[in-house]
Every structure is written in C-alpha cells, then in structure tokens.
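# Coordinate analysis (summary)
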Amino acid sequence: MKKSLLVIGIVLLIIIILFVGAWIWVDGLKEDTKITKEKMDAVKEAYPIFNQAVIDFSNLRNKFYEYKENLYLETLRDNADAWNVFMKEYADGIQKVEDAALVLKENCDIEYGDVQVSTKCDDFKVSYEPAMNYYISDVKLYNSMVDEYDKYNMENGNKFPKVNKGKFKVYQDYIDYDKDGEYFGKEEVVSNEG
C-alpha cells in the first residue's frame, strides 16, 4: 500500500510539473506572440513615415544636383546665403530620414512570418544605406568646394560672404548598414561633370 501511494504521489508530482511547465511555455509563447505583433504593428506604422522622408530627401538631392551644375567659386560667392539655407535644409532632410528610421532599425532586425512586414523591412534596408551614403558623398563634394572658396575669399581679403560647410548630421563616414561588404550609395562625385 505504501509503495502504491508513493508511486501515485510521484506520478502526480510529475503530472503537476509537466502541467506547470506546459502552462509556463504556453504563457511565454503568448507573450512572445504579443511582443511580435506589437513590433509588426510598429513597422507597419513607421514605414510610411520613413518612406515619405526618403522621398523628400530624394527631392532635395535632385535639387542639389540641379544646383551642382553651376557650383563654382563665383556662384558660391554670389549666392552664399542661398547655399547656406539650402545645405541646412539638406542636412535637415537627412536627419528626418534618420528620425523616421529609428523604429525600423529597432524592429527590422528579425525575420517576420508576415510577408507585408518583411517586405517593409527589406525595403527599409534597401533605402536606408544609400540615402545615408549619397548624403555623405554630396556633403564631401560640397565641402571640398567650400574649402576652395575659403582660400579664394582669403586671397581676396575676406570681402565675400561666408559660406558654411555642409554638416554630417547622422554619420561622419560611409556605412554598410546591411553588412554585405558594399557601401551602397557611396559614389565619388565631381563638382562639375559637364
């Protein structure tokens, strides 16, 4: 009798342990599912904002390239205020891309089973790196022209308006965000390709 009570007690203890373990596992699974859904919702909400920021930045970049066609020492001298305003606007544009990317950078580091969310994360990764690298290329080009302008201005007794250098708002150097060994968007640009 004692032996059968002991066996029944052990079996009950094992059943209780299994039940508690299964309950903890199911509860953890529910919590993980809830967190994953919150992350997916965050991606779905943040992506359109990021996408619009990239479109706005692209429009600013197109303006930069229109202006770049006439980027000479004389145009910097004659349009110093306009260049200072534009380059600040350009820097603000890349900062908006970075601000809009924060949620995506945080939540697109895993693969999701939802095709819509995975596509948004993939599109984010494809757009983020080149936007940052294009900006860096453009600012490097512009800043080298400003360096030449500063020498020109100094040679002329600093009688011309000051032209501010472009700011590296987010990154100081090219990035490889997707860690594929390539710096997509890194390009060597010249001041006048004509």
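Please refer to the structure higher up on the page.
Presented here is a report on the structure given in the accompanying data block. (Residues numbered from 1 in each chain as written. Predicted model: local features only at pLDDT ≥ 70, side-chain atom pairs only at ≥ 80, totals over all residues. Heavy atoms only, no water.)

So, on to unusual backbone geometry. The phi dihedral of Asn158 is positive, around 50°, even though this residue is not glycine. As for its position among the elements, Asn158 is in the segment after α4 (115-155). For Asn158, a relative accessible area of 52% puts it in the exposed group. Even without being a glycine, Lys179 presents a positive backbone phi close to 55°. (Helix = DSSP H or I, 4+ residues; strand = E, 2+ residues; numbered from the N terminus. Buried < 20%, exposed > 50% of the residue type's maximum accessible area, 1.4 Å probe, protein only.)

In a soluble, globular protein the nonpolar side chains are often hidden away together inside. One finds Phe50, Phe64 and Tyr142 to be the most contacted residues of the largest nonpolar core, which totals 44 residues. Where this core is concerned, the elements lending two or more residues are α1 (2-68), α2 (73-78), α3 (80-107) and α4. Setting aside chain neighbours within four positions, we find Phe64 in contact with Trp83, Phe86, Met87, Tyr90, Asp138, Leu141 and Tyr142. (Core = buried A, V, L, I, M, F, W, Y, C linked by side-chain atoms within 4.5 Å. Contact = heavy atoms within 4.5 Å.)

Moving on: a nonpolar patch on the surface. A cluster of nonpolar residues, Leu5, Ile8, Leu12, Ile16, Phe19, Val20, Trp23 and Ile24, forms a patch on the protein surface that exposes about 860 Å² of accessible area. Along the chain, Phe19 falls in helix α1. Overall, Phe19 belongs to the exposed group, its relative accessible area being 59%. (Patch = residues over 30% accessible without salt bridge, like charges linked within 9 Å, V, L, I, M, F, W, Y side chains within 5 Å. Areas by Shrake-Rupley, 256 points an atom, 1.4 Å probe, with all protein chains shown as cover. Salt bridge = Lys/Arg side-chain N within 4 Å of Asp/Glu carboxyl O.)

As enumerated under the stated definition, the model contains 9 salt bridges in all. Linking Asp114 and Lys44 is a salt bridge whose minimum nitrogen-to-oxygen distance equals 3.9 Å. One end of the pair, Asp114, is in the loop between α3 and α4; the other, Lys44, is in helix α1, with 70 residues separating them in the sequence. Residue classification places Asp114 among the partly exposed residues on the basis of a relative accessible area of 25%. For the salt bridge of Lys140 with Asp173, the shortest nitrogen-to-oxygen distance reads 3.3 Å. A residue pair is termed long-range when its members are at least 10 positions apart, and Lys140 in helix α4 and Asp173 in the segment after α4 qualify at 33 residues. Look at Asp173 and you get partly exposed, because its relative accessible area is 45%. Connected through shared salt-bridge partners, Lys88, Asp92 and Lys169 make up one network.

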